[in-house]
Every structure is written in C-alpha cells, then in structure tokens.
Amino acid sequence: MPREDSPAGESRLALVRRARRMDRILAETYPDAHCELDFRTPLELLVATILSAQCTDKRVNMVTPSLFAKYQTAEDYAGADRAELEEIIRSTGFFRAKTNSIIGMAQALCERYGGEVPRKLKDLVTLPGVGRKTANVVLGNAYGVPGITVDTHFQRLVNRFGWTHETDPVKIEHIVAELIPRRDWTMMSHRLIWHGRRICHARRPACGACPLAALCPAYGTGPTAAAEAAKLVRPGPFS
C-alpha cells in the first residue's frame, strides 16, 4: 500500500528501497563524513553539542579549545563560576541559557552518574539541556551506539526526499529508523547533514549538481542547470 507521506503511488517497499539507495549514493559521495564538532571525550562532545544549538559547528570549535582547557571534568563544570563560563561561550549565542544547561548537566552527572556521561538514551535525556538530538549525537559519536540526529538539515532533506513529511523531530526519527538499517543510523545522519550543508541548501539547493537528482521528488526546487548549480555547492569543511 502507498504511504500517506511518500510520493504518490509509492509503496512501502519502494520507499524503503529508494531510501536505502539514496543513502548508499550519499555514502559514496561523502566517504569521509563525520561529526564536525571537535572533541576527545564523551563529556567534551556533550558540552560541544549543547553549545551548537543555534550556532555553527565552526564557531563552537573556535570556542571549545579554551573551554576544554579550563574545564576538564564534570566536577569542573558543576563548580564553574557562572560569569567566567558565560564569557568563554558568549560568542556561541544564548550563552546564559547554555551556561545554565552546562552547569545543570554537570551537576546531574556528578549527583547521579559519578561524573560520567551515561551510555543510554533514557539516561541522557534526563540531563538539563539534553534532548534526543544531543543524546543521539553523543551515543553515536562517542560511544558507537547507533542513533539518528534530526537537526534542521536532516529534517529538510527527509521531507524533500519524500521519506516523510512529518515536522516533529521524534516522529521523524522513528519513521527514518524504519527505513534505514540500525547499523547505519549514525553515519546516515552525518551524510544527510553533510549533504544539507554542501548541496541541498534551504533556500537554493544545487539540484543540478546533486547525485540524488534521479531519486529525489523535490528535484527542481533549485537550479537544475549544471553550471548554475555548481556555483551553489559549498565544498566544506564546515568544522
């Protein structure tokens, strides 16, 4: 039977096959796809991901070297001077709210998890400032636990691809999880985010330079002429 949120007349089986083929093409296109936040430990990734809200990874990576040098453990963050922490992360935006989240998250880690970042989604999402997106970033990239990261790029692309037309991130996560094998969730997330940053832009996607053109129901949203589309491609890296 056709799915309500898939292209007209497309069966469930056809959707699964198309989604997996698109992911394979993206794997060939971006063989070096990875998390573009710099980190060495699960705690550093957790903090960096909190900072990345409404901020570019590039900006976060400019801030974190001095931040990580000053605060190296959950205890360090939990006991941080609020004004000092705010000043270090100020350029990432929403720095007061992010300071609250980081200090609250660190205090919760110390109180409930011995200062260690937990390895389970159900535990991570109980921490201040940590939603499913942040938790899946940490699980997938620090612990190797497959997770789907639904950021703005991911949501835009799966809607354009016709994988789903849901707008709720949790619903999107569950729908895409049924299309792509679990072992591929983390890397698939990276590939979609990379593609969104480089080719499938929000305003003018480079449709004429897209390796998914033949499989994408939104082909033509942006310029289809190769020369014009090529000018819109952003090669990265974005970290």
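Presented here is an overview of the structure given in this document. In this numbering scheme, every chain counts its residues from 1 along its sequence in written order. In view of the model being predicted, local features appear only for residues whose pLDDT reaches at least 70, and side-chain atom pairs are presented and counted only at 80 or more, with totals across whole chains, interfaces and linings using the full set of residues. To obtain the side-chain values, all non-hydrogen atoms of the structure were used and water was disregarded.

Digging into the overall build of the protein chain
Then, number 1: By definition, any uninterrupted DSSP run of H or I lasting at least four residues is a helix, any uninterrupted run of E lasting at least two residues is a strand, and each is numbered from the N terminus. Along the protein chain, the regular secondary structure elements total 12 helices and 0 strands.
Then, number 2: When the helices and strands of the protein chain are listed from N to C terminus, the series reads α-α-α-α-α-α-α-α-α-α-α-α.
Then, number 3: Relative to a compact globule of 239 residues, whose C-alpha radius of gyration would be 18 Å, the protein chain shows 19 Å and is just as compact.
Then, number 4: Projected onto its principal axes, the C-alpha positions of the protein chain cover 55 × 40 × 25 Å.
Then, number 5: Under the scheme applied here, a residue whose accessible area is under 20% of the maximum for its type counts as buried, over 50% as exposed, and between as partly exposed, the area being computed with a 1.4 Å probe on protein chains only. Expressed as a percentage of the 239 residues in the protein chain, the buried residues total 50%.
Then, number 6: For every accessible area listed, the method is Shrake-Rupley and the probe measures 1.4 Å; residues are considered covered only by the protein chains on display. Entry remark: accessible area of the protein chain is about 11,600 Å², with carbon and sulfur atoms responsible for 52%.
Then, number 7: Lys and Arg are tallied as positive, Asp and Glu as negative. Neither His nor the chain termini are counted. Taken as the charge centre is NZ of Lys, CZ of Arg, CG of Asp or CD of Glu, depending on the residue. A distance of 5 Å separates the average location of the 33 positive side-chain charges in the protein chain from that of its 26 negative side-chain charges. In this treatment the radius of gyration is a C-alpha quantity, and the globule benchmark scales as 2.2 Å times the residue count to the 0.38 power.

Some remarks on the layout of surface pockets
Then, number 1: A pocket here means an open set of points on a 1 Å grid, computed over the protein atoms alone, that has protein on both sides within 12 Å along at least five of seven lines. A cavity is instead a set of points where a 1.4 Å probe fits but cannot get out; residues with an atom within 4 Å of a point line either one. Grid points are joined across faces, edges and corners, and a volume is the space filled by probe spheres set on the points. Each pocket or cavity is described by its volume, and for the largest pocket that value is around 790 Å³.
Then, number 2: Going through the elements one at a time, α3 (57-70), α8 (132-142), α9 (152-160) and α11 (185-198) are the ones with two or more residues in the lining of the largest pocket.
Then, number 3: In terms of residue count, the dominant contributor to the lining of the largest pocket is α11 (6 residues).
Then, number 4: We call Asp, Glu, Lys and Arg charged. Ala, Val, Leu, Ile, Met, Phe, Trp, Tyr, Cys and Pro are nonpolar, and the rest, Gly among them, are polar. Each residue belonging to the lining of the largest pocket can be placed in one class, and the counts come to 9 nonpolar, 13 polar and 9 charged.

Quick notes on the pattern of salt bridges
If the charged atoms of two oppositely charged side chains come close together, the side chains can form a pair.
Then, number 1: A pair is scored as a salt bridge if a Lys or Arg side-chain nitrogen falls within 4 Å of a carboxyl oxygen belonging to Asp or Glu. Under the definition given, this model contains 13 salt bridges.
Then, number 2: Here Asp57 and Arg197 are joined by a salt bridge, their closest N and O atoms 2.9 Å apart. Pair noted here: Asp57 is in helix α3 and Arg197 is in helix α11, with a separation of 140 residues, a long-range link.
Then, number 3: By relative accessible area, Asp57 is classed as buried at 10%.
Then, number 4: Look at Arg197 and you get buried, because its relative accessible area is 15%.

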